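Single-letter residue listing:
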Amino acid sequence: MPQTKLSIRIDGELVQAFAGETILTVARRAGRFIPTLCHFEGLRDVGACRLCIVEVSGSGRLLPACTTPAQDGMAVTTVSPRLAAYRRMTLELLLAERNHLCAVCVSNSNCELQALATAMGVTSVRFRYRYPKLPVDLSHPRFVLDHNRCILCSRCIRVCADVEGAHVWDMMSRGVGARVISDMNRPWGEAPGCTGCGKCVQACPTGALAEKGLAVEEMTKRGERALQGAIRQGGRL
Amino acid sequence: MSRIEDISTFNAVREAGLEKMLPGVPRIAVGMGTCGRGNGAEGLYHAFHEEIHGGGVAAQLTGVGCFGPCSEEPLVNVAIPGKPMVILRRVQASDASRILSDAAEGRITPDLAWCRVDEWDHITAQLRYGHGFPELPLWREVPFFAGQKKIVLRNCGLINPDDIEEYIAVGGYQALYKVLIDGHPEQVIEQIKASKLRGRGGAGFHTGIKWEFMAKAKADCKYVICNADEGDPGAYMNRNEIESDPHGLLEGMIIGGYAMGCAEGLIYVRAEYPVAVHRLNHAIQQAREYGLLGENIMGRGFRFDIQLVEGAGAFVCGEETALIASLEGLSGRPRPRPPFPAQRGLWGRPTNINNVETWYNIAPIVIKGPGWFTETGSMKSAGTKVFSLVGKVRNTGLVEMPLGTPLKTFVYDIGGGAARGRSVKAVQTGGPSGGCIPQEMFDTAVDYETLAQLGSIMGSGGMVVMDDDNCMVDVARYFIEFTHSESCGKCVPCRVGLDRALDVLNGFTVGTGALPQLELLGELGGMIRDTSLCGLGQTAPNPVLTTMRHFRHEFEDHIIGQRCNAGVCGDLALSPCENSCPLHMNIPRFLQLFQEDRMEEAFDSILMDNPLPASTGRVCQHPCDNRCRRQTLDDAVNMREVHRFLADSMLGSDRFEGMLERVKVRKQPATGQRVAIVGAGPAGLTAAFYLALLGHAVTVFDSQERAGGMLRYALPEYRLPKAVLDREVEIIERLGVQFVFKTQVGTDISLNELDSQFDSVFLSIGTWKESWVYLPGTELRGVIPALPFLEAVAKGGAPDTPLGPRVAIIGGGNAAIDSARTALRLGSQATVVYRRERKDMPAIAEETLAAEREGARYLFLAAPHRIVGNAQGQVKALEVVKTRLAEFDASGRRRPVPTGEITRLECDSVVLAVGETVDQDFCRASGLTLNENGAITVDRFTLETSRSKFYAGGDVVTGASNVSNAMAYGKRAAENIDARLMGAGRFAGLFQRFEYEQIALANPSASPRRVSHELPASVRVHGSDEVVIGLSKPEALEEARRCLRCDVRA
Ligand code: SF4
Ligand code: SF4
Ligand code: FES
């Protein structure tokens, strides 16, 4: 069945889209850069990080590009002072939420959060840092989970459930108390479902999930392609 | 068991129900909702049960739901055959037997009777009780009910919720029968659309449109869901509706199911509502037995059933997608829309979700038609809404009001206004994610659009009234704390944003905030609102954003002034009394030092906080009393009288010189800076005292001959003997302050001259202009403004114009009372004419009473109409027009309106005491920036005017106020002027430390509050001797021992 063709405007430019595609997909194909963190190519989108918000004319609300389907005749704005301010604030909040002392992180200079913060000019955080003292799960023979670096994007949960089919990960508790858990909140190393495939580690945007035995800056991931590309280009935002 | 198959079986059930509703014996119905139970309804029910069954009394006992007025629970309805049903309030178990014996004799127990119901409109049917008991008000004549319209609550508190037959008796299931007989589901949807009914759960989406969307969705199975997961703290309308009338909900859902083509209904109810769960289960069971649920409903071939699901009750489950997730057994987290539930909802099937209250509106619309429904409410928001009115009003409870009713109706008419001595300052609508609407905006119509424009929401209908004891910063903090703990944690703005907003707010309440954080908070609030995934995050910032918009000054008070005027933020105040004292006197400290018999130190503590302690000890409005925590036991500590006692015993004793030496020791070395103070009133004297202590060369200019301002020239000798004031002025003089009298700034010396001769200038002239009323006859001889009159008497004993034997005084403030009492002392008769009621008078209540004892007369609810003169142009009479109190105005008091009824008051002179205004001439001539009232504009915290080096405070800034407020300006001016001249921090260094006991009193003195003695009225009106004689030492000491030491921290 041939796909229905739509045309939408992105930042004034007329672009082709297909019914069922999200604004994010269309915009990226058209070469626009929209920052994302919870989106991961190939995984179902959840609209959690709110970095990909865009303005859609006719809608009073800001909509997440990753979950909003393109509609014929839609006019989307991906860059505006308000969007930039809100996106920066979102990053500030993420940086304040846990512990993101990059200088001592395995993912330093390979981290999507850090890359976006740099690219978007987040030079200081105006909120007080929460610095909760969260545990580090070292029970798995090959991987570590450091909750202090986790941004609760749920990419690990989705890749494990939807791609590997292992359903090891889940989210527990509410609000700022929310935390990623493995297998009914047992140590990762004791999770019978874990196949040790390492997909979650690769999907994780930060240093929260990493391979064991690495030192600062040593953890590189085959993460989000589009974003990695942007990072390499020096983040033209 | 009678299964309803057709009209005759249906009618038979109705007849059976009517027998129960109107039995041949008295029907006693006890309100047994959760709220009634909490107030002892169960015990009450048992007491009736014992009496009736034990004593063989002919009466029918039943339990009903809740009728609404929480503050009057428990309620009992008594219906004697042929007589009106009477609502009894605050009934105790011990009242049961006399209620029954009275009812047996056809009487109603008078002391418990509240109001009567002759007939009741159940909307779906009318019930006539009877006539009689004319001495009782009709239910809708009671202010709490007046204006209410019960559509949703039509059956609540009247029928037995556990008995389907009673529901059917009052027209229940007739709407269902009607739609099934008609057989046109699409017409039902048309009717709902035409009724403009909007979802009552919060967002206000049009119900008919939602239904239509759903009816069009094709699927093998569709669901209708009732969201009964009431999660707002303080909101309990849904609980009450279900507990009082469960079948009303079922009927609405069955009709909805029929209209939308669904066979399955689910009610998602909070597990924390056991009574509601129990009643619903019972009602579903009964409905199945009567053929109203299940196969072949009412013999019309329609199949529909309802299941009850008990939810864990998370706030976020009010969000439709989160609720669906929870029903599917997943954790209650919202997901992005589209797809909408009507497309893919529960188990991927089309799903319609409506709130409890929405469902209750369905049957009435079907029976009465959409036209009838839109008659009630406003243009865009038809019908009624149930609100829970709670907080700082006299009457609280559940009220059902037409949409579009102004807020002030809720607060003042239904709620009865604030408690005595308090004033309402805001209403928070819509639950934890609603906004605060300030008192100035109480004309606001309560409907979806208008509330949204003000940054608030309708939400579930919560309405929390706040008065001046509520701190708006704390209110914002409280609600954010709630929503923050209810955030599901999925999206960043809500999860982290609310948490950091709470952190900022916490900082404000403990005094560690800074102004840039206030801006940051505003930006953060907007960001959370605009970018959150679901309704929880999108609305959660409302309380912050609205309080920041309407009560920004309170935020600034916390951040800049380090003060919480409401006294809620404990870290920003020493004790309630210290916090409410304009001078922030350390009251518990001097009370304690006094108790430790350290009189000298007690006095030093007082004087350093308040340089006019004996004068204020007599004439201060003592706001400290209002907040004293001792009031919760009996009465406030009489702090003013204690400091008067301590001041009197020091100032009048030979220890005066020693005290003065101790004060002089605290004087800082000379700084070489010169400060001019314009005005030797309370503000000027206070500033002079502190600035002299700080080592500056202070010169005070005043147009009068002596220092004291209003204290000397407006307050009569009998209230404040001038010898007392002289002694206080002496202290200030001997600290080196220079006084230049009979010098008018502006005429004798210009501001430019002051500018060139001094390093800083403080403008603190008092209010010396009497406002004039535009009244025919004011040109007559014998019409006298109050202030010049009082001044003339204070100076030399006799006014310029003789008063004659009878004086009329127009006004209700302190100047009016002082004028009356002065007139009495001059041998005249005095009548005070005031347009409102006694309780509205701004004058100090003790003074009003004292004047009355001396023979002053009052004429309330009377406005001056015209002054009548004789042929010689001399006052002969005052004509007054009787007033009536109409609706509430912006001051929260009822507005007096003239009735046209005119009476004449024969008199020989008229004193105008209608209020003082700022000396506009002075202000205008000053060349400084003025505000819209013509007063000088200053920075609220530093008192700087628009001209560099110039500060202003007191009446020139606020308009007429009182002594302690004026002095507070003087104190603040001294601190800021010094900081400007010398750098910050020196002011705090003036104050010495005292070591004294720091133990909160486990058992304070049990004595009642001491009031000071007065000279007998018959003696005092013949002279100008001081009327109020202070406390004796043992009395003052006993009074001090009553203090609870709120300043001691655990
Ligand atoms: S561990 Fe990594 S992938 Fe998983 S939720 Fe946290 S940041 Fe996202
Ligand atoms: S009990 Fe004492 S400390 Fe507390 S408010 Fe009253 S006077 Fe002040
Ligand atoms: S990428 Fe769209 S919300 Fe996270």
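Residues numbered from 1 in each chain as written. Chains lettered and ligands numbered in written order. Predicted model: local features only at pLDDT ≥ 70, side-chain atom pairs only at ≥ 80, totals over all residues. Heavy atoms only, no water.

Engineer: Which residues make up the overall build of chain B, and what are the values?
Structural biologist: Per the secondary structure count, chain B includes 42 helices and 34 strands. Its C-alpha atoms give chain B a radius of gyration of 34 Å, within 12% of the compact-globule value 31 Å for 1050 residues. For chain B, the spread of C-alpha atoms along the three principal axes comes to 100 × 65 × 60 Å. Per-residue burial over chain B gives 61% buried out of 1050 residues. (Helix = DSSP H or I, 4+ residues; strand = E, 2+ residues; numbered from the N terminus. Rg over C-alpha atoms; globule rule 2.2 N^0.38 Å. Buried < 20%, exposed > 50% of the residue type's maximum accessible area, 1.4 Å probe, protein only.)

Engineer: Give me the site of ligand 1: which residues, what numbers.
Structural biologist: The immediate surroundings of ligand 1 are formed by A:Cys150, A:Ile151, A:Leu152, A:Cys153, A:Ser154, A:Cys156, A:Val180, A:Cys204, A:Pro205, A:Thr206, A:Ala208 and A:Leu209. Along the lines of polarity and charge, the residues of the shell around ligand 1 split into 10 nonpolar, 2 polar and no charged. (Near = heavy atom within 4 Å. Nonpolar A, V, L, I, M, F, W, Y, C, P; charged D, E, K, R; others polar.)

Engineer: So, the domain arrangement of chain B: which residues are in play, and what are the values?
Structural biologist: Its domain assignment divides chain B into domain 1 (7-148), domain 2 (173-374), domain 3 (384-572), domain 4 (581-663 + 993-1016 + 1029-1040), domain 5 (670-767 + 919-984) and domain 6 (771-915). If you average the C-alpha positions of domain 3 of chain B and of domain 4 of chain B, the two centres end up 38 Å apart. (Domains from an automatic or database assignment.)

Engineer: Provide a residue-level description of the pattern of salt bridges, including the pertinent values.
Structural biologist: Within the structure shown, the criterion is met by 95 salt bridges over all chains. Taking the shortest distance from any N to any O, the salt bridge between A:Arg130 and B:Asp499 comes out at 2.9 Å. Of this pair, A:Arg130 sits in the loop between α3 (112-119) and β6 (136-137) while B:Asp499 sits in helix α19 (residues 492-510), each in a different chain. Since its relative accessible area comes to 25%, A:Arg130 is described here as partly exposed. Residue class for B:Asp499 comes out buried when judged on its relative accessible area of 8%. (Salt bridge = Lys/Arg side-chain N within 4 Å of Asp/Glu carboxyl O.)

Engineer: Lay out the site of ligand 2 with the relevant residues and their values.
Structural biologist: The immediate surroundings of ligand 2 are formed by B:Ser575, B:Pro576, B:Cys577, B:Pro588, B:Cys628, B:Arg629, B:Val637, B:Met639, B:Cys1043, B:Leu1044 and B:Cys1046. Classifying every residue of the shell around ligand 2 by side-chain character gives 9 nonpolar, 1 polar and 1 charged.

Engineer: Outline the side chain of B:Asp557, listing residues and values.
Structural biologist: Residue and element names in this part refer to chain B. Note on placement: Asp557 falls in helix α23 (residues 552-559). Since its relative accessible area comes to 9%, Asp557 is described here as buried. Of the polar contacts made by the side chain of Asp557, one reaches the side chain of Asn565; its length is 3.2 Å. The residues touching Asp557, leaving out its near neighbours within four places in the chain, are Gln562, Arg563, Asn565, Arg940 and Phe941. (Polar contact = N/O pair within 3.5 Å; in protein donor to acceptor, adjacent residues only side chain to side chain. Contact = heavy atoms within 4.5 Å.)

Engineer: An account of the interface of chain B and chain A is needed here, citing residue identities and associated values.
Structural biologist: With 31 residues of chain B in contact, the opposing surface of chain A contributes 32 residues. Carbon and sulfur atoms make up 58% of the surface buried where chain B meets chain A, a total of about 2,700 Å² over both sides. A per-residue breakdown of the area chain B buries against chain A is headed by B:Arg495, B:Arg500 and B:Met527, which together make up 21% of the total. Seen at the junction of chain B and chain A, the total is 6 salt bridges. At the junction of chain B with chain A, the criterion picks out 16 residue pairs in polar contact (both at pLDDT 80 or more). Of all the elements in the fold, those that place two or more residues in the side of chain B that touches chain A are α18 (472-486), α19 and α20 (515-531) of chain B. (Buried area = accessible area lost by both parts, 1.4 Å probe.)

Engineer: Run through the pairing of strand β15 (residues 424-429) of chain B, naming residues and quoting values.
Structural biologist: Residues and elements named next belong to chain B. The element β15 is extensively covered by neighbouring structure, given that 6 of its 6 residues are classed as buried. Here 5 bridges tie β15 to strand β17 (residues 462-467), and the two strands are oriented antiparallel to one another. When the sheet's bridge partners are listed, Val427 is paired in β17 with Val465. Sheet topology note: the β15/strand β16 (residues 436-438) ladder contains 3 bridges and is antiparallel. Following the sheet pairing, Ala426 is matched in β16 by Pro438. Taken together, β15 and the strand that follows it, β16, pair antiparallel across an intervening segment of 6 residues, in which Gly430 is found at a positive phi of about 85°. (Pairing = 2+ DSSP bridges.)

Engineer: Please set out a nonpolar patch on the surface residue by residue, giving values where relevant.
Structural biologist: Residue and element names in this part refer to chain A. On the surface, Leu101, Val104, Tyr129, Tyr131 and Val216 cluster together into a nonpolar patch covering about 440 Å² of accessible area. Mapped onto the fold, Val104 is located in the loop between α2 (81-97) and α3. Look at Val104 and you get exposed, because its relative accessible area is 55%. (Patch = residues over 30% accessible without salt bridge, like charges linked within 9 Å, V, L, I, M, F, W, Y side chains within 5 Å. Areas by Shrake-Rupley, 256 points an atom, 1.4 Å probe, with all protein chains shown as cover.)

Engineer: I'd like to hear about helix α31 (residues 682-693) of chain B, residue by residue, with values.
Structural biologist: All names here are of chain B. If you check α31, its first and last C-alpha atoms are 17 Å apart, about what 12 residues at 1.5 Å a residue would give, namely 16 Å. The element α31 is extensively covered by neighbouring structure, given that 12 of its 12 residues are classed as buried. Burial in α31 covers these residues: Pro682, Ala683, Gly684, Leu685, Thr686, Ala687, Ala688, Phe689, Tyr690, Leu691, Ala692 and Leu693. A positive backbone phi angle near 95° is found at Gly695, which sits one or two residues after α31. (Expected span 1.5 Å × (residues − 1).)

Engineer: Explain the sheet that holds strand β20 (residues 738-740) of chain B residue by residue, including any values.
Structural biologist: Residue and element names in this part refer to chain B. Pairing is parallel across the open sheet formed by 5 strands, whose spatial order is β20-β19-β18-β21-β32. This sheet does not close on itself; its edge strands, each paired only once, are β20 and β32 (950-952). In this sheet, adjacent strand axes meet at a mean angle of 20° when their direction is disregarded. Across the sheet, helix α40 (residues 963-982) touches β18 (674-678), β21 (760-763) and β32, and the angle it forms with β21 is around 165°. (Axes fitted to C-alpha atoms, helices over the stretch in contact; angles between N-to-C directions.)

Engineer: Would you mind going over the packing of helix α36 (residues 814-825) of chain B against helix α37 (residues 845-853) of chain B in detail, with residue names and values included?
Structural biologist: Residues and elements named next belong to chain B. The geometry of α36 relative to α37 is characterised by a closest axis approach of 10 Å and an angle of 25° between their N-to-C directions. On the basis of their axis angle, the class for α36 and α37 is roughly parallel. The handedness of the crossing between α36 and α37 is left-handed. On α37, the residues touching Ile817, Asp818, Arg821 and Leu824 of α36 are Glu847, Thr848, Ala850 and Ala851. Of the residues in the contact of α36 with α37, the class split is 4 nonpolar, 1 polar and 3 charged. (Parallel < 35°, antiparallel > 145°, perpendicular 65-115°, else oblique. Left-handed = near helix turned anticlockwise from the far one by under 90°.)

Engineer: Give a detailed account of the nonpolar core, specifying residues and quantitative values.
Structural biologist: All names here are of chain B. One finds Tyr173, Leu176, Ile267, Leu292 and Met298 to be the most contacted residues of the largest nonpolar core, which totals 113 residues. A total of 8 residues in this core trace back to one element, the largest contributor, which is helix α10 (residues 246-260). With residues near it in sequence (within four places) discarded, Leu292 still touches Ile4, Ile164, Ile168, Tyr173, Leu176, Ile254, Ala287, Ile297 and Met298. Core analysis: the second largest hydrophobic core is formed by 99 residues, Ile587, Tyr690, Val956 and Val963 among them. (Core = buried A, V, L, I, M, F, W, Y, C linked by side-chain atoms within 4.5 Å.)

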